[in-house]
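Spelled out, the chains give:
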Amino acid sequence: MADNKKSEPRVIEGDLIAGNARFAIVASRFNEFLVSHLVSGAFDAIKRHGGDVGKASLVWVPGAFEIPVAALKLAESGKYDAVICLGAVIRGNTAHFEYVAGEAAKGIGQVGIKTGVPCIFGVITTENLEQAIERCGSKMGNKGFEAAVTAIEMVNLLRNVK
Ligand code: INI
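Residues numbered from 1 in each chain as written. Predicted model: local features only at pLDDT ≥ 70, side-chain atom pairs only at ≥ 80, totals over all residues. Heavy atoms only, no water.

### Some words on the overall build of the protein
The helix and strand inventory of the protein stands at 5 helices and 6 strands. Mapped in sequence order, the helices and strands of the protein form the string β-α-β-α-β-α-β-α-β-β-α. Dimensions of the protein along its principal axes, counting C-alpha atoms only, are 70 × 30 × 30 Å. Within the span of the protein, comprising 162 residues, buried residues form 43% of the whole. By sequence separation, contacts in the protein at least 24 residues apart represent 81% of the contacts at least 6 residues apart. Of the roughly 8,900 Å² that the protein leaves accessible, carbon and sulfur atoms contribute 55%. Averaging the locations of the 18 positively and 17 negatively charged side chains of the protein gives two centres separated by 5 Å. (Helix = DSSP H or I, 4+ residues; strand = E, 2+ residues; numbered from the N terminus. Buried < 20%, exposed > 50% of the residue type's maximum accessible area, 1.4 Å probe, protein only. Contact = heavy atoms within 4.5 Å. Areas by Shrake-Rupley, 256 points an atom, 1.4 Å probe, with all protein chains shown as cover. Lys, Arg positive; Asp, Glu negative; His and termini not counted. Charge placed at Lys NZ, Arg CZ, Asp CG, Glu CD.)

Right under this line is the structure:
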């Protein structure tokens, strides 16, 4: 008799257990009164997913534009399983919003691809201050928390890709 049993695809995903993972957080001082909430959110997420913040490092850079070069150094160091990039770029603040936000996004993406270390884009880019506040722990949640959860998932996902 023919064997009609169909096999299942191999599904690879990452769970949300931070365990022994080592995280570097790169945070921009520009708009620090907002970014500090993203940083707290990220540490909160690591703790609440069973991680050890004692294994984490927090690196402050001047602005979002400077995040990629610091992220690259951290990712290349071999000391971290993921780099969580946090910042706040507000259109109303500057005529060069597009350059700052664009370079941060592109650079962070490139660091991840170049090094194989997940680099998470937790830089909020908003039209105005109100929208930024909403993403730093109020109406729209905390994007720093979300970025750290993404980092946890990516670390575990990449460990499962063999
Ligand atoms: N940096 C930010 O992180 N957010 C901003 O909103 C911002 N604005 O509005 O200009 C900003 N500018 C500074 C930039 O990131 C660099 O630090 C600076 O251009 C020096 O390279």
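Next comes the rest of the description.
### Describing the environment of Gly54
As for its position among the elements, Gly54 is in the loop between helix H1 (32-48) and strand E2 (57-61). A C-alpha to C-alpha distance of 8.9 Å links Gly54 and Arg22, two positions 32 residues apart in sequence.

### Section: the site of the ligand
Around the ligand, the surrounding shell holds 14 residues, and the nearest of these are Ala64, Phe65, Glu66, Ala88 and Thr94. One of the backbone nitrogen or oxygen atoms of Ala64 is found 2.9 Å away from an oxygen atom of the ligand. Here the ligand has 460 Å² of accessible area as a free molecule, and 78% of this is covered by the chains. More than half of the atoms belonging to the ligand lie within 2 Å of the grid points that define the largest pocket. (Near = heavy atom within 4 Å. Polar contact = N/O pair within 3.5 Å; in protein donor to acceptor, adjacent residues only side chain to side chain. 1 Å grid on protein atoms, 1.4 Å probe; cavity = no way out; pocket = protein on both sides within 12 Å on 5 of 7 lines; lining within 4 Å. Sits in = over half its atoms within 2 Å of the grid points.)

### What to know about the nonpolar core
Core analysis: the largest hydrophobic core is formed by 29 residues, its most contacted members being Phe23, Ile84 and Leu86. Taken together, the elements giving at least two residues each to this core come down to strand E1 (23-28), H1, strand E3 (82-90), strand E4 (119-126) and helix H5 (143-160). In terms of residues, this core owes the most to one element, H1, which gives 8 residues. Core analysis: the next-biggest nonpolar cluster, separate from the first, contains 22 residues, Val89, Phe97, Ala104 and Val123 among them. (Core = buried A, V, L, I, M, F, W, Y, C linked by side-chain atoms within 4.5 Å.)

### Re the layout of surface pockets
One number sums up the size of the largest pocket: a volume of about 160 Å³. By residue class, the composition of the lining of the largest pocket is 7 nonpolar, 5 polar and no charged. (Points joined across faces, edges and corners; volume = space filled by probe spheres on them. Nonpolar A, V, L, I, M, F, W, Y, C, P; charged D, E, K, R; others polar.)

### Remarks on the sheet that holds E3
Strand order in the open sheet made by the 4 strands is E2-E1-E3-E4, with parallel pairing throughout. Here the strands that pair on one side only, and so sit at the sheet edges, are E2 and E4. Each adjacent strand pair in this sheet contributes to an overall mean axis angle of 15°, direction not counted. Two elements, E1 and E2, share 5 bridges in a ladder whose sense is parallel. (Pairing = 2+ DSSP bridges. Axes fitted to C-alpha atoms, helices over the stretch in contact; angles between N-to-C directions.)

### Notes on a nonpolar patch on the surface
On the surface, a nonpolar cluster with roughly 230 Å² of combined accessible area is contributed by Ile12, Leu158 and Val161. Checked against the element boundaries, Ile12 lands in the segment before E1. (Patch = residues over 30% accessible without salt bridge, like charges linked within 9 Å, V, L, I, M, F, W, Y side chains within 5 Å. Salt bridge = Lys/Arg side-chain N within 4 Å of Asp/Glu carboxyl O.)

### So, unusual backbone geometry
Negative phi values dominate among residues other than glycine, just as trans dominates among peptide bonds. Residue Asn31 is not a glycine yet carries a positive backbone phi of 60°. Residue position: Asn31 is located in the loop between E1 and H1.

### Points about the pattern of salt bridges
Taken as a whole, this structure holds 11 salt bridges when the rule is applied. Arg48 is the salt-bridge partner of Asp44, the closest N and O atoms lying 3.3 Å from each other. A residue pair is termed a helical-turn pair when its members lie 3 or 4 positions apart in one helix, as Asp44 and Arg48 do in helix H1 at 4 residues. On the basis of relative accessible area, Arg48 is assigned to the exposed category, the value being 63%. Its salt-bridge partner being Glu98, residue Arg91 comes within 2.9 Å of it at the nearest N-O pair. Overlapping salt bridges, with partners in common, bring together Arg22, Asp81 and Arg159 in one network.

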